[in-house]
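# What the coordinates show
The primary structure of each chain is shown beneath.
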Amino acid sequence: MSIATPLAERIAAAIPRGVSVPIPILAHHAAGAEIWDADGRRYIDFGGGIAVLNVGHRHPHVFAAVQAQLEAFTHTCFGVTPYEPYIKLAERMNQLAPISAPKKSIFLTTGAEAVENAVKIARHATGRSAIISFTGGFHGRTLMALALTGKINPYKAGFGPFPADTFHAPFPDAYRGGSTAKSLAAIESLFKSSVEPSRVAAIIIEPVQGEGGFSVAPFDFLCELRALCDRHGIVFIADEIQTGFGRTGRMFAVEHAGVEPDLITIAKSLGGGFPLSGVIGRAAIMDSVAPGGLGGTFAGSPVSCAAALAVLDVFRDEHVLARAEKQGVLVRARLEVMRERFPLIGDVRGLGAMLAIELVRDRATKEPAPELASRLAKIASERGLILLTAGIYGNVIRILAPLTASPELMDEGMTILEQSIADLP
């Protein structure tokens, strides 16, 4: 009997169905951009644990750094007994962040926790309460993060009421008729109809939407958003949780637009597979909160901070940003060929190595085809390729392979993807 049958039954019996496992593969061991299941079958990993493994599974340098930290200690709570990995990581992140003013960093555990703290900091610094986010955006599964998230199913349905003073503006999704002008006009309309700008603490945006389907925020829109925030004294928060750490060919995606945020939320690939998130921001804003107002028992785990320092070393020593750019060129070229071949691919989009295809029933009407995306992920998994779906309609297939994957492995994975599309019923 295949391992998949008893595995699905065990998951259904022991774990709430809200924890979605659409394609049960029991991971046994992994290395680089490959995973082997309990039956010894090999899979090429184009999911990367949802953008967590930009330097791959069990990178030797990350692994060694974690082992060394485990020999020293695993936990003290930074707010009780500080430790070097946290401090050193803050120093390095402050140097890397694309903010010209003096900077400070706080480390936490999850992406949602980073978003929650960014909101807290922005509200405290401004004395204001309202937050504006965008349709299609995803900012986490805690209540404030859900309030900011711009997708109902499966994230928000049934979980309300959500925290007040949160507002959504349309994301400038060019494929579905959005634009910089339309989104800016919508924000101005919000200011006239729903919330005065003097009450807005922050605007938060993903430079490239993650769960929303890899729609890229136009660079001119990010620049105009920066100017709007400056005019009204609003904190500009760049949510770089999925885009960050080289996925787009730059360490932070906002660098492509030449925009300086006030706060940046980070997580996912920061820890190289270990739970770690953070907020980097202008020191004047970060320091507005009194001692004790920020932190947490497990926030900035020493083991995770040691892993993150090793991740930064790998980026520097193995030229990961340049590799991301090359991977993006390779993947985009293959996807464009597939779009020419398969009418069901309505759009190819993304930035750097953060790329996706949107599946539609008809290119003219752009009617979403979520059932095709689900089937494609299943067919690909049967052939040894792990894929993730995304998008407001669930009809997007995204590529989140480790940036350290070899061109040969990427080509093999793209061939499986193309063959799987060809065999869609």
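In this report, we go over the structure that sits alongside the text. If you're wondering where the values come from, they're calculated on a predicted model, not measured in any experiment.

### Focus: the sheet that holds strand E10 (residues 277-282)
Adjacent strands of a sheet form backbone hydrogen bonds with each other and so pair up, either parallel or antiparallel. One open sheet holds the seven strands; their spatial order is E4-E10-E9-E8-E7-E5-E6, and the pairing between them is mixed. Lying at the two open borders of the sheet, with one neighbouring strand each, are strand E4 (103-108) and strand E6 (166-169). Across this sheet, the average inter-strand angle for adjacent strands is 20°, counted without regard to direction. As paired strands, strand E8 (residues 235-239) and strand E9 (residues 263-266) are joined by three bridges and run parallel to one another. When the sheet's bridge partners are listed, aspartate 239 is paired in E9 with threonine 265. Seen against the sheet, helix H8 (residues 219-232) touches strand E5 (130-134), strand E7 (200-205), E8 and E10 and runs at an angle of roughly 170° to E7.

### Section: the packing of helix H12 (residues 370-382) against helix H13 (residues 407-422)
Where H12 meets H13, the axes come as close as 9 Å, and the angle between the chain directions of the two elements is 125°. By the angle between their axes, H12 is oblique relative to H13. Crossing angle aside, the handedness with which H12 passes H13 is right-handed. Along its contact with H12, which presents Leu376, Ile379 and Ala380, the element H13 presents Ile416, Leu417, Ser420 and Ile421. Its residues assigned to classes, the contact of H12 with H13 comprises six nonpolar, one polar and no charged.

### Side note on the side chain of serine 381
Mapped onto the elements, serine 381 comes out in helix H12. Other than its neighbours up to four places away in sequence, serine 381 contacts Ile23, Ile25, Arg41 and Tyr43.

### Thoughts on the environment of valine 337
Position of valine 337 relative to the elements: it lies in helix H11 (residues 320-341). We classify valine 337 as partly exposed; its relative accessible area is 48%. Separated by 81 residues in sequence, valine 337 and glutamate 418 have C-alpha atoms that sit 9.4 Å apart.

### Topic: the sheet that holds strand E1 (residues 27-31)
Taken in spatial order, the four strands make up an open sheet running E1-E2-E3-E14, and their pairing is mixed. Either end of the sheet is taken by a strand with one partner, and the two such strands are E1 and strand E14 (385-386). Of the strand pairs in this sheet, strand E3 (residues 42-45) and E14 are connected by two bridges, and their pairing is parallel. Considered in E14, the bridge of aspartate 45 is made with isoleucine 386. Across the face of the sheet, H13 comes into contact with strand E2 (34-37), E3 and E14 while running at roughly 100° to E3.

### Observations concerning the pattern of salt bridges
The tally for this structure, following the rule as stated, stands at 26 salt bridges. Residue aspartate 230 pairs with arginine 226 through a salt bridge whose shortest N-O separation is 2.8 Å. Here aspartate 230 and its partner arginine 226 are both found in helix H8, four residues apart, which amounts to about one turn of the helix. With a closest N to O distance of 2.6 Å, aspartate 411 and arginine 334 form a salt bridge. Linking aspartate 411 in helix H13 with arginine 334 in helix H11, this pair joins segments that are 77 residues apart in sequence. A relative accessible area of 36% means that aspartate 411 is categorised as partly exposed. Taken together, the salt bridges that share partners define one network made up of Arg176, Glu336, Arg339, Asp347, Arg349 and Glu358.

### Section: the pairing of strand E11 (residues 345-351)
Within E11, seven of the seven residues are buried, leaving the element largely enclosed by the surrounding structure. Pairing between E11 and strand E12 (residues 354-362): six bridges, direction antiparallel. Pairing of arginine 349 across the sheet is with alanine 356, part of E12. Linkage of E11 to E12, two consecutive antiparallel strands, is achieved through a turn of two residues, within which glycine 352 is found at a positive phi near 65°.

Procedures and definitions
Residues numbered from 1 in each chain as written. Predicted model: local features only at pLDDT ≥ 70, side-chain atom pairs only at ≥ 80, totals over all residues. Heavy atoms only, no water. Pairing = 2+ DSSP bridges. Helix = DSSP H or I, 4+ residues; strand = E, 2+ residues; numbered from the N terminus. Axes fitted to C-alpha atoms, helices over the stretch in contact; angles between N-to-C directions. Contact = heavy atoms within 4.5 Å. Parallel < 35°, antiparallel > 145°, perpendicular 65-115°, else oblique. Left-handed = near helix turned anticlockwise from the far one by under 90°. Nonpolar A, V, L, I, M, F, W, Y, C, P; charged D, E, K, R; others polar. Buried < 20%, exposed > 50% of the residue type's maximum accessible area, 1.4 Å probe, protein only. Salt bridge = Lys/Arg side-chain N within 4 Å of Asp/Glu carboxyl O.

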